[in-house]
Amino acid sequence: MAAVHPVFPTETHRQVARIVRGLPTSDGAGVKLTRVIGQPALDMLDPFLMLDEFRSDSGGDYIAGFPNHPHRGFETVTYMLAGRMRHGDNQGNSGLLTPGSVQWMTAGRGIVHSEMPEQEDGLMQGFQLWVNLPAKDKMTAPRYQDIAPERIPEVQLAPGVKTRVLVGEAAGVRGPVDNVATDPLYLDLHLDAGASAEIDIPAGHNGFVYVYEGQAKVGDGASSGLLRGDLGVLSRDGDKLRIEAPVAARAILVAGRPLNEPVAKYGPFVMNTQQQIIQAVEDFRAGRF
């Protein structure tokens, strides 16, 4: 008779693999930012190319905005927490980003756009995330998903824990952004002091937690405490994440399917080869965007 071996449950919880702090920088026409992904300590986290946090109540830090500039080969995601930003492009599109709104722009084969503050003072706060596109989609037609605040569902995950679901799914509720190649998850988590929750994350996705208010403990590791301004890169194994807040906290949880493709970057162009970068520059200079 064959021996019967006990079956132990497989550990499925993500942990914090490393902690990264952002670097102060400026972009556009001198807008002051904190660059969290896309800096020496974390060049990228496939498929995420860049994460900037902008946060200032001084108009001089942001008033010059981001005048016309090109993109090709990836997606830009702007999530506004406070303030008003006007978007416009060379295709005739225009829109106003208001507090709580998100814009998911697929630059595809090329677009020239601007993002300019529609205020001269007061708090301007939010995030811009760059998400890579797979090689087969890099030359797709540009596309916008402009999502007003009231279209983003808010879900109670546990007592004292709620989240806004921008894209992906939480507690059976799907966010309004759709048809994104990397099947991402983007949650804005709000935790009361002492509250905790367990959150599903798609298996195999790369992910991170960025704390933008308070403190949070993520995973089970001794080094899993994240302070305001800390980004915790999550381990790859597992499909759940434990998060708790010793004090009231807000954080974004973002995950996406890695592309595992070569990346060639040159400023606002992200392709797979250096030759494709040269072609992007030539196309932009020739007015083919």
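The paragraphs below set out a description of the structure included in this document. (Residues numbered from 1 in each chain as written. Predicted model: local features only at pLDDT ≥ 70, side-chain atom pairs only at ≥ 80, totals over all residues. Heavy atoms only, no water.)

Some details on the sheet that holds strand β23 (residues 240-244)
Taken together, four strands build an open sheet; the order of strands is β18-β23-β20-β21 and the sheet is antiparallel. Each edge of the open sheet is held by one strand with a lone partner, namely β18 (196-200) and β21 (225-227). Taken over all neighbouring pairs, the strand axes of this sheet differ in orientation by 30° on average, direction set aside. Of the strand pairs in this sheet, strand β20 (residues 215-218) and β23 are connected by two bridges, and their pairing is antiparallel. Paired with Val 218 across the two strands is Ile 243, which belongs to β23. (Pairing = 2+ DSSP bridges. Helix = DSSP H or I, 4+ residues; strand = E, 2+ residues; numbered from the N terminus. Axes fitted to C-alpha atoms, helices over the stretch in contact; angles between N-to-C directions.)

Focus: the nonpolar core
By size, the foremost hydrophobic cluster in this structure holds 29 residues, and its most contacted members are Leu 51, Tyr 186 and Phe 208. Leaving out residues up to four positions away in the same chain, Phe 208 has contacts with Ile 37, Leu 45, Phe 48, Leu 51, Leu 129, Leu 231, Gly 232, Val 233, Leu 234, Ile 252, Leu 253 and Val 254. Ranked by size, the runner-up nonpolar core spans 27 residues in total, among them Ala 158, Ala 195, Ala 197 and Ile 199. (Core = buried A, V, L, I, M, F, W, Y, C linked by side-chain atoms within 4.5 Å. Buried < 20%, exposed > 50% of the residue type's maximum accessible area, 1.4 Å probe, protein only. Contact = heavy atoms within 4.5 Å.)

So, the packing of aromatic side chains
Inspection of every chain in the model, using the stated rule, returns eight aromatic pairs. Each ring, one from Phe 74 and one from Trp 130, has its centre 4.5 Å from the other, and the planes form 35°; the classification is tilted. Highlighted residues: Phe 74 in strand β6 (residues 74-82) and Trp 130 in strand β11 (residues 124-132), separated in sequence by 56 residues. A relative accessible area of 12% places Trp 130 in the buried class. Between Phe 269 and Phe 284, the ring centres sit 6.3 Å apart and the planes meet at 55°, which makes this aromatic pair tilted. (Phe/Tyr/Trp six-rings, centres within 6.5 Å; stacked < 30°, edge-to-face > 60°.)

Observations concerning the sheet that holds strand β7 (residues 85-89)
Ordered in space as β5-β10-β7-β8, the four strands form an open sheet in which the pairing is antiparallel. For this open sheet the edge positions go to β5 (66-71) and β8 (94-97), each flanked by a neighbour on one side alone. On average, adjacent strands in this sheet sit at an angle of 20° to one another, irrespective of strand direction. As defined by bridge partners, β7 adjoins strand β10 (residues 111-117) across five bridges and the pair is classed as antiparallel. Each residue of the ladder has a partner; that of Arg 86, found in β10, is Met 116.

Some remarks on the pairing of β20
Across the two faces of β20 the burial differs, with Ala 216 and Val 218 buried and Gln 215 and Lys 217 not buried at all. By the bridge criterion, three bridges tie β20 to β21 in an arrangement that is antiparallel. Bridge pairing in β21 links Lys 217 to Gly 225.

What to know about empty space enclosed by the protein
All chains considered together, the criterion is met by one cavity of 30 Å³ or more. Looking at the largest cavity, its volume works out to about 60 Å³. What lines the largest cavity is Val 31, Lys 32, Leu 33, Phe 54, Arg 55, Ser 56, Asp 61, Tyr 62, Phe 66, Met 85 and Met 124. For the lining of the largest cavity, the secondary-structure elements that each account for two or more residues are β3 (31-37) and β4 (48-56). Classifying every residue of the lining of the largest cavity gives seven nonpolar, one polar and three charged. (1 Å grid on protein atoms, 1.4 Å probe; cavity = no way out; pocket = protein on both sides within 12 Å on 5 of 7 lines; lining within 4 Å. Points joined across faces, edges and corners; volume = space filled by probe spheres on them. Nonpolar A, V, L, I, M, F, W, Y, C, P; charged D, E, K, R; others polar.)

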